[in-house]
Amino acid sequence: MSVTTTPEATTPPSGTPREPRSTTRSAAAARERSAVLESRIAQNPGEYRVLTGDRPTGALHLGHLLGTVENRVRLQNLGVEVFLIVADYQVITDRDDAGDLPATVREVLLDYLAAGVDPERSTVFTHSAVPALNQLLLPFLSLVTVAELERNPTVKAEAAVAAERGRRGSSGLLFTYPVHQAADILFCHGNLVPVGEDQLPHLETTRMVARRFNQRYSAAQPYFPEPDALIARSLTILGNDGAKMSKSRGNALELRASADETVAYFKRARTDPDRVITYEPDRRPEIANLLQIGAHFTGTAPETLADEMGSAGAGRLKDIVSEAVVEGLRPLRARRRELASAGPRYLAEVLATGNARANAIADRTLDEVRDLMGMRY
Ligand code: TRP
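Here we summarise the structure given alongside this text. Computed from a prediction, not measured in an experiment: that's the story for all the values here.

1. Quick notes on the packing of helix H4 (residues 101-115) against helix H15 (residues 344-373)
Here is step 1 of the chain: Running from N to C, H4 and H15 point in directions that differ by 85°, and their axes come no closer than 11 Å. Compared by their axis directions, H4 and H15 come out roughly perpendicular. Along its contact with H4, which presents Val105, Arg106, Leu109, Leu110 and Leu113, the element H15 presents Tyr346, Leu347, Val350 and Leu351.
Here is step 2 of the chain: For the contact of H4 with H15, a count of residues per class yields eight nonpolar, no polar and one charged.

Here is the structure:
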């Protein structure tokens, strides 16, 4: 089923496969479930609508690409309808200055398109352009307790990071953003959310909101789906300081970096003094990370690459990995340069089309929600 701007697009083409589910799930259970989902998706991509996205805090990096963006493109190419939210309101959950948002949104858009997101098939939109999505936050907030919000481990972790950066206390928006994220997902009846394991608690919030809304306002026939997490096939990439790759840590390799910058980046990567290269993620995380990246771009397994390297030493491994990344990213970077030099008109059109599609769907959902809640006068 193709992306459409008609109101029928509010619900996924055919019903979500329904089955009784437990209310909370461990990461292991979610992984198992993801394997089952993968085979269903392959057989019936039209039954799924993916909603996922990023906060526009900077250009995307290698961790984004290998952790989630490639997976989104894969799902899109399998025939799944993909919605990508550029979550601009989320940027101000934990900082006062959002930076130059128009420039950052443009960089993120360039990264998406260069990585293979096809705007003919996928919908890219921003939070702030879709008022009806944001209005869903109000009824949704009434469905959760403050104690539940306080327990969310990701919110706690992000509040701790914000505090480290010198912020006193969490903003109300940070505190409630898992519920906002429920609105992001449910406005388009998204039923599949590819996420990292750290985002699983958010998905539980979304499932809880959907379930409670259905119980309270739409008991006869559930209105919102309880979306599934899809956590298979993603890598958690470390930065060159050995911590998880992230823009804010300053340890990231941006996708838009040049070949020279890529080589320099890997030269600075932290390793260990053992000359024999082995793939031992727990004992030697930095070496394992390099092996994973190298293996990813050369289409082999990290263990195989380790065997090939033998006792060549970390310096040689870095050379091999940066070469693989430079080669592997060459087409993406060429497309990115082409798009960037084509001028702002095309990017603006892609976003305007995505925002219009998202608005058509969100308006329809909000209307239906008003009906269900008895708020039609
Ligand atoms: N929280 C995600 C991030 O930090 C971005 C995001 C916003 C998102 N809304 C979402 C992801 C809904 C999945 C589903 O990058």
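On we go.
2. Considering the pattern of salt bridges
Here is step 1 of the chain: Under the definition given, this model contains 29 salt bridges.
Here is step 2 of the chain: Between glutamate 158 and arginine 55 there is a salt bridge, with the nearest N and O atoms lying 3.4 Å from each other. Taken as a pair, glutamate 158 in helix H8 (residues 153-164) and arginine 55 in the loop between strand E1 (49-54) and helix H2 (62-78) lie far apart in primary sequence, 103 residues in all. For the pair glutamate 158 and arginine 55, a shared accessibility class is recorded, and that class is buried.
Here is step 3 of the chain: Of the charged contacts in the structure, one is a salt bridge between arginine 256 and glutamate 107, with a shortest N-O distance of 2.9 Å. Taken together, the residues span a long stretch of sequence, with arginine 256 in the loop between strand E5 (228-230) and helix H11 (259-267) and glutamate 107 in helix H4 at a distance of 149 residues.
Here is step 4 of the chain: On the basis of relative accessibility, which here comes to 15%, the residue glutamate 107 falls in the buried class.

3. Some points on the packing of aromatic side chains
Here is step 1 of the chain: Summed over all chains, the structure comprises eight aromatic pairs.
Here is step 2 of the chain: Between phenylalanine 140 and phenylalanine 224 the ring centres are 5.6 Å apart and the planes differ by 80°, which places this aromatic pair in the edge-to-face class. Here phenylalanine 140, found in helix H6 (residues 137-141), pairs with phenylalanine 224, found in the loop between helix H10 (200-217) and E5; they are 84 residues apart in sequence, far enough to count as distant.
Here is step 3 of the chain: Judged by relative accessible area, which is 0%, phenylalanine 140 ranks as buried.
Here is step 4 of the chain: A relative accessible area of 0% places phenylalanine 224 in the buried class.
Here is step 5 of the chain: Three or more aromatic residues joined by ring pairs form one cluster here, namely Phe140, Phe213, Tyr217, Tyr223 and Phe224.

Conventions adopted
- Residues numbered from 1 in each chain as written.
- Predicted model: local features only at pLDDT ≥ 70, side-chain atom pairs only at ≥ 80, totals over all residues.
- Heavy atoms only, no water.
- Axes fitted to C-alpha atoms, helices over the stretch in contact; angles between N-to-C directions.
- Helix = DSSP H or I, 4+ residues; strand = E, 2+ residues; numbered from the N terminus.
- Parallel < 35°, antiparallel > 145°, perpendicular 65-115°, else oblique.
- Contact = heavy atoms within 4.5 Å.
- Nonpolar A, V, L, I, M, F, W, Y, C, P; charged D, E, K, R; others polar.
- Salt bridge = Lys/Arg side-chain N within 4 Å of Asp/Glu carboxyl O.
- Buried < 20%, exposed > 50% of the residue type's maximum accessible area, 1.4 Å probe, protein only.
- Phe/Tyr/Trp six-rings, centres within 6.5 Å; stacked < 30°, edge-to-face > 60°.

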